[in-house]
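Spelled out from the first residue to the last, the chains are:
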Amino acid sequence: MNPIQHFHRRSIDDRDAFWTAESAAIHWHKPFEQVLDFSKPPFAKWFVGGETNLCFNAVDRWVDSRGGERALIWVSTEVDQEIIYTYRDLYREVNTVAAMLASQGVGRGDRVLIYMPMIPEAVFTMLACARLGAVHSVVFGGFASVNLAQRIDDAQPKVIVTADAGSRAGKVTPYKPLLDKAIALSTQPPAQVIIVDRGLYAFEPVVGRDLDYRELHHTHDKAEIAPVWLESSAPSYILYTSGTTGKPKGVQRDTGGYAVALASSMKGVFNGKAGETFLCTSDIGWVVGHSYIVYGPLIGGQATILYEGTPIRPDGGILWSLVERFSVNTMFSAPTAIRVLKKQDPALLKKYDLSSLRSLYLAGEPLDEPTAEWIAAGLGKPIIDNYWQTETGWTILAAQPGVADVATKFGSPSFPVYGFDVRVIDEQTGEDLGPNQKGVVAIAPPLPPGAMSTIWGDDERFVETYFNSIPNRQVYSTFDWGLFDEDGYFFILGRTDDVINVAGHRLGTREIEESINNHPSVAECAVVGIADQLKGQVAVAFAVLKDPRVLDEPGADLKLEGAIMKIVDEQLGAVARPARVRFVTTLPKTRSGKVLRRAIVAVCEGRDPGDLTTIEDPSALEQIKDSL
Ligand code: ATP
Ligand code: MG
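All values derive from a computational prediction rather than experimental measurement. (Residues numbered from 1 in each chain as written. Chains lettered and ligands numbered in written order. Predicted model: local features only at pLDDT ≥ 70, side-chain atom pairs only at ≥ 80, totals over all residues. Heavy atoms only, no water.)

## Description of the pattern of salt bridges
If the charged atoms of two oppositely charged side chains come close together, the side chains can form a pair. Rules: Here, a salt bridge means any side-chain nitrogen of Lys or Arg that lies within 4 Å of a carboxyl oxygen of Asp or Glu. A 1.4 Å probe rolled over the protein chains alone gives each residue an accessible area, and that area as a share of the maximum for its type sets the label: buried under 20%, exposed over 50%, partly exposed in between.
Using the criterion set out here, one finds 37 salt bridges in the structure. The closest approach of N and O atoms between Lys30 and Glu33, which form a salt bridge, is 3.5 Å. Under the relative-accessibility criterion, Lys30 is labelled partly exposed at 33%. Given the relative accessible area of 63%, Glu33 is considered exposed.

## Quick word on unusual backbone geometry
What counts here: Numbered from the N terminus, helices here are DSSP runs of H or I no shorter than four residues, and strands are runs of E no shorter than two.
Of note, the bond from Pro41 into Pro42 is cis; its omega dihedral lies within 30 degrees of zero at 5 degrees. With respect to the secondary-structure elements, Pro42 resides in the loop between β1 (34-40) and β2 (43-48). Although it is not a glycine, Phe47 adopts a positive phi angle of roughly 60 degrees. Following the sequence through the fold, Phe47 ends up in strand β2. For Asn472, which is not glycine, the phi torsion reads 65 degrees and is therefore positive. Here Asn472 shows up in the loop between α14 (459-467) and β26 (476-484).

## Some points on the site of ligand 1
Keep this limit in mind: Nearness of a residue to a molecule or strand requires only that one of the residue's heavy atoms be within 4 Å of it. Between N or O atoms, a polar contact is any pair within 3.5 Å; within protein, one atom must be a potential hydrogen donor and the other a potential acceptor, and residues adjacent in sequence are included only when both atoms are from side chains. Surface exposure here means Shrake-Rupley accessible area, sampled with a 1.4 Å probe, where a residue is shielded only by the protein chains that are shown. Residue classes follow a fixed rule: Ala, Val, Leu, Ile, Met, Phe, Trp, Tyr, Cys and Pro count as nonpolar, while Asp, Glu, Lys and Arg count as charged, and any other residue, Gly among them, counts as polar.
Taken together, 20 residues sit near ligand 1, with Thr241, Thr244, Thr245, Thr390 and Asp480 positioned nearest. A distance of 2.6 Å is found between an oxygen atom of ligand 1 and a side-chain nitrogen or oxygen belonging to Thr241. Taking Thr244, its side chain carries an N or O atom lying 2.4 Å from an oxygen atom of ligand 1. Burial of ligand 1 by the protein chains amounts to 95% of its free accessible area of 640 Å². Residue composition of the shell around ligand 1, by class: four nonpolar, nine polar and seven charged.

## A word on helix α1 (residues 3-13)
Definition in use: Comment: arc refers to directions from the helix axis out to C-beta atoms.
Within the sequence span of α1, burial applies to Ile4, Gln5, Phe7, His8, Ser11 and Ile12. Angular distribution of buried residues about the axis of α1 spans 160 degrees; they occupy a single face of the element. Residues of α1 that are exposed and point more than 90 degrees away from the buried face comprise His6 and Asp13. The residue sitting at the N-terminus of α1 and contributing the capping side-chain oxygen is Asn2; that oxygen lies 2.9 Å from the backbone nitrogen of Ile4.

## Here we look at the UniProt feature "domain: Acetyl-coenzyme A synthetase N-terminal" (unreviewed entry) in the protein chain
Spelled out, the test is: UniProt positions are given in the numbering used here, feature names are shortened, and annotations may be inferred rather than shown by experiment.
When the UniProt feature table is mapped onto this chain numbering, "domain: Acetyl-coenzyme A synthetase N-terminal" (unreviewed entry) sits at residues 5-58. For residues 5-58, the end-to-end C-alpha separation is 30 Å, with 43% helix and 28% strand making up the annotated structure.

## Quick word on the pairing of strand β5 (residues 81-86)
As a reminder of what qualifies: Strands were regarded as paired on the criterion that DSSP finds at least two bridges between them.
As judged from the six bridges shared by strand β4 (residues 70-76) and β5, these two strands associate in the antiparallel manner. Considered in β5, the bridge of Leu72 is made with Tyr85. The turn joining β4 and β5, which pair antiparallel and follow one another in sequence, is formed by four residues; a positive phi near 50 degrees is taken by Asp80.

## Some remarks on the pairing of strand β9 (residues 165-168)
Direction of pairing for β9 relative to strand β10 (residues 171-174): antiparallel, over a ladder of four bridges. The partner of Ser167 across the bridge, within β10, is Val172. Hairpin connection from β9 to β10: two residues lie between these consecutive antiparallel strands, with Ala169 at a positive phi of about 50 degrees.

## Examining the sheet that holds strand β23 (residues 422-425)
Put simply, the test is: Every axis corresponds to a line fitted to the C-alpha atoms, with the helix fit spanning only the stretch in contact, and the corresponding angles, defined between N-to-C directions, vary from 0 to 180 degrees.
In spatial order, the strands read β23-β24-β26-β27; together these four strands make up an open sheet with antiparallel pairing. The sheet is open, and its two edges are formed by β23 and β27 (490-495), each paired on a single side. Averaged over all pairs of adjacent strands, the angle between their axes in this sheet comes to 45 degrees, without regard to strand direction. In terms of strand pairing, β23 meets strand β24 (residues 439-443) through four bridges, oriented antiparallel. In the strand pairing of β24, Val422 is matched with Ile443.

## Let's talk about the state of the cysteines
Rules: Note that a disulfide, as used here, is simply two cysteine sulfur atoms within 2.5 Å.
With the rule as written, the count across this model stands at zero disulfides. Free of any disulfide, Cys129 has its nearest neighbouring cysteine sulfur in Cys55, separated by 10.0 Å. When its relative accessible area of 0% is taken as the criterion, Cys129 is described as buried.

Structure (structure tokens):
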């Protein structure tokens, strides 16, 4: 066993002592009486009887020791603005917003829906909810009215906080009309809406319902609101999964377990310490944004950068310029962002002083080896592929430099993170599989601190969905397909839904995609399994090229298709060879950047693609259709 595996073993075998030690990383108003109550499996209650508050841990706790240090750095390349908030400033803002919400009757257990762009007010509102013991539900800004209405009805918020508009790549998306429409569709409309007017979109407030953020702010700008101490298992927030495989699930998070998990991860997973600077390029609408833009870095006493903008505006060097200017120590992004950068001028990687940066963490989708190698070589820094889900709240698999330095392998998110008893399981028999055997990646319960408590308002669906999908075994299914090798390194091979069965051979989509990505012209690709009368299924690939001009010559597409097929043939064998390779300029993705393979399959098989509410750009699916 290497030191990471050893540490992990201890977290499973000696659970109570392990988590008691980790729990010291946060402030407890009242100490807990029991580390874990697992008397009603699969429901796990961590740090039973303990009382704490997420906002206190993220803000108040640092005001004395580092009140003058940077807490929140907001940079917007959309509206060309920048504001730095110290911990003291943040304390002030959060108290004011807490008072604003309290003045509208928001208190312990009430829900507040946040539908906002990447602006500081969104972070203040999240923390203010936590301060009041209210449950926030952040909905990705700009989501369509139908999505929003569903989430309003599910959470039944007392108040919604929003902005007039968001902006992406210079294009303004008015939020206010989307929200008005969603409220009209909803059966559980909120009593009040608080609007940050950014002056991006002129609107008429609804009398009696809509309140102006700045006006309220003015009334409450000297308020002090004491944090509401919550029992550890009290819900802190609701957050919906990305909806890649179907209808999103409302993940409910606890308070104490989440605080401990994040505080601990800031050290163990990120090897960071208070006073450092963290740049996470996700969105507050996703779990990565919740955990590593807002709560994690602040609970860890770090400065966090909230970036409103894309990775390529004004040019592909913008993220690296932020690293240089703010001396970023840890950076967190997604493979999809790196693939976008791959299409930009590589010289931009060398233009900035990146000496402060320790490593780049990437999560959200499989990180293919060619992309990992490209960015590792460009930055000259360790690239840490980490695997997790909205459900788990933090990393399931990762190299953990704060635990020990163990070499990584390209294509692998390394080892289970302490607390996660990760297994690879045979989906027919429910038995544990050994090294190099492919199966369902599962977690033996209890889920660790920080992971979901249940599905909001639906315990039964929680048990049914996650714990009853594999016969003979009550384990948490990740619905991902993978294996671990003889050294214990894990590999995620795609989603279980996407596994392709070619003449009895089972292949993860990721394996074939990885191989195609090795072709020097390919920036990214998606492989799906399409029904085939003869073979059961065949693989079909859709590739985006780094430079589409390589197809200009007549016949070039056939040649490239042949070359790509040959690579797969050589690396994986003829069974994996895609029956067709088609070239498109963009892939259909969710707004969180995940490839919507189920929609591609449906289109290829001439079926209705079903629920497309989470798609980023519907025209991408049209391209797929046209390319067939
Ligand atoms: P839904 O559950 O609603 O279909 P989703 O699974 O895309 O949506 P998220 O929780 O945002 O919602 O994404 C988690 C999934 O993302 C994982 O289950 C896995 O499929 C994929 N993923 C995340 N990180 C990695 C990684 N490092 N390597 C491979 N896959 C990853
Ligand atoms: Mg999922």
